[in-house]
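# Breakdown of the fold
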Amino acid sequence: MCLCPLCFIEDMHKYGDPYWHRSHQLAGTLVCDTHNIMLLSECPVCGEVLATSTEKIPKVPSLFCSSGHSLECVIPNHNKILLTIACENRLLLDEKVNLDVIEIEEKMKGILLYKEHISNKHTSRNIKVNRKFQAKFSEEYVNRIEDSIQSLKVNSIWKKQSIHPIFYVLYMIYFSGSITNFVHEDKYLPWKNMKSWPCPNKVCPNYKQLVVQLVDSKMISGDIYGYFMCPTCGYAYSECDGDNLGTLDIISKGHLWEAKFKELLYREDISFDDMKEILGTTFYWIEKELKKYEDLGLELLLEKLYSKEILENIKTDAHINKK
Ligand SMILES: [Zn+2]
Ligand SMILES: [Zn+2]
Ligand SMILES: [Zn+2]
């Protein structure tokens, strides 16, 4: 347990009794966020521990250790980041600050993956970013934290076991300066630098023009998937910008494409080959779309598959064979 000697004296004046402050007991907090002085966890003279957290009801602190040394020991803090950590850590106790851990984790992974270019896998890059991360909080601080919790590594966000709240606080300070800034910051997306993309749909009036919009994004097992759509034709696809860069998955060809498909399907002078060309597609998509037209006659299908001449020849051949 820790106490701030100045808070202690103020409590005495205000309430007649001092008490343990919850905000002084948070892991990672080393200074009083009100007075910006070092917290005491032991007697500065003899090193007697004030109260261990294993005690069921730690006795109300006294300003003297059991050997009578005064605990009125004011050590000013000159490390700015320690005060920031103490202030930000305190927010965790504020019921009005409702933090969505899943959202925070997603945001962090997005930043690490696409801004810092690190993940669980790329180790040499991890070491570099880890050094930067730890340097932000000073070596002495990192050593103290690591002694009491676990190793302070930036990629521990991917570890299966739950991570200590102080990690989130430190991450948010590292990335955005404060918890509030982090929460209000936009999700980091790999597509952040662009606002629109060319429409890949050949029958769209805006074909190849920058009209496609990012409509949604999701994180699936550490990779960010973007969902894109053309507002003109409804063409929609998803793209994963994680490890398999630039993978494009068509979700829907869109209403314009489907209408064009139908129109061409019933036109006698248009073959499947022509359709492939006009629609800018593969037989896979033609076959897929054809499933919607189950009542289509075999005659029409054959006409689409083969040119008129070939069909005439087949018919003539059949005629000759019969003879
Ligand atoms: Zn204080
Ligand atoms: Zn003492
Ligand atoms: Zn389009």
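Source: prediction; values computed, not measured. (Residues numbered from 1 in each chain as written. Chains lettered and ligands numbered in written order. Predicted model: local features only at pLDDT ≥ 70, side-chain atom pairs only at ≥ 80, totals over all residues.)

Helix and strand content of the protein chain: twelve helices and five strands. Taken across its 323 residues, the protein chain has 23% of its residues classed as buried. Of the contacts formed within the protein chain by residues at least 6 apart in sequence, a portion of 51% connects residues at least 24 apart. (Helix = DSSP H or I, 4+ residues; strand = E, 2+ residues; numbered from the N terminus. Buried ≥ 20, exposed ≤ 12 C-beta atoms within 10 Å, placed from the backbone. Contact = placed C-beta atoms within 7 Å.)

A separate point is the pairing of strand S3 (residues 223-229). Pairing of strand S2 (residues 210-220) with S3 involves seven bridges; the strand directions are antiparallel. Counted as the bridge partner of Gln213 is Met229 from S3. Across five bridges, S3 lies against strand S4 (residues 236-240) in antiparallel orientation. Note on S4: the bridge partner recorded for Met229 is Ala236. (Pairing = 2+ DSSP bridges.)

Time to look at helix H1 (residues 5-15). All of the buried residues in H1 are Pro5, Cys7 and Phe8. Looking straight down H1, one finds its buried side chains confined to an arc of 160°; they lie on one side. What points out from H1, more than 90 degrees from its buried face, is the exposed set His13 and Lys14. Just beyond H1, the residue with positive phi is Gly16, at close to 85°. (Arc of directions from axis to C-beta.)

Bringing the pairing of S2 into the picture now. Sheet topology note: the strand S1 (residues 197-198)/S2 ladder contains two bridges and is antiparallel. Within S2, the residue paired with Trp197 across the bridge is Val212.

As a further point, take the environment of Asp273. Mapping Asp273 onto the fold places it in helix H9 (residues 272-279). Spatially, the C-alpha atoms of Asp273 and Lys304 are 8.1 Å apart, while their sequence positions differ by 31 residues.

Judged by nonpolar contacts, the single largest core of 36 residues is most densely connected at Val31, Leu39, Val169, Leu170, Tyr171 and Met172. Taken together, the elements giving at least two residues each to this core come down to H1, helix H2 (80-91), helix H3 (101-114), helix H6 (165-176) and helix H7 (179-184). Built from parts of two domains, this core gets at least three residues from each of domain 1 (1-95) and domain 2 (99-184). Residues Cys204, Met229, Phe261 and Leu279 belong to the second largest nonpolar core, which totals 14 residues. (Core = buried A, V, L, I, M, F, W, Y, C linked by C-beta atoms within 7 Å. Domains from an automatic or database assignment.)

The next thing to look at is unusual backbone geometry. You will see that Asn36, though not glycine, has its phi angle at about 50°, which is positive. Relative to the assigned elements, Asn36 resides in the loop between H1 and H2. The partly exposed category is assigned to Asn36, around which 18 C-beta atoms lie within 10 Å. You will see that Ser138, though not glycine, has its phi angle at about 70°, which is positive. Topologically, Ser138 is positioned in the loop between helix H4 (123-136) and helix H5 (139-148). Taking the number of C-beta atoms within 10 Å as the measure of exposure, Ser138 has 13 and is therefore partly exposed.

Take the packing of helix H8 (residues 255-265) against H9 next. Close contact between H8 and H9 brings their axes to 11 Å; oriented N to C, the two are set at 155°. On the basis of the axis angle, H8 is roughly antiparallel to H9. In this structure, H8 crosses over H9, and the sense of that crossing is right-handed. Mapping the contact onto sequence places Trp257, Lys260, Phe261 and Leu264 in H8 and Met275, Ile278 and Leu279 in H9. For the contact of H8 with H9, the class distribution of residues is six nonpolar, no polar and one charged. (Axes fitted to C-alpha atoms, helices over the stretch in contact; angles between N-to-C directions. Parallel < 35°, antiparallel > 145°, perpendicular 65-115°, else oblique. Left-handed = near helix turned anticlockwise from the far one by under 90°. Nonpolar A, V, L, I, M, F, W, Y, C, P; charged D, E, K, R; others polar.)

With that out of the way, let us pick up the environment of Glu48. By secondary structure assignment, the location of Glu48 is in the loop between H1 and H2. Here the alpha-carbon distance between Glu48 and Ser66, two residues 18 residues apart in the chain, equals 8.1 Å. Ignoring sequence-local partners within four residues, the contact set of Glu48 consists of Glu42, Cys43, Cys65, Ser66 and Ser67.

A few words now on the confidence of the model for the protein chain. When pLDDT is averaged along the protein chain, the result is 84; 89% of the residues meet or exceed 70. Across the protein chain, the element-wise mean pLDDT spans from 65 in helix H12 (residues 308-322) up to 94 in H8. (pLDDT = per-residue confidence, 0-100.)

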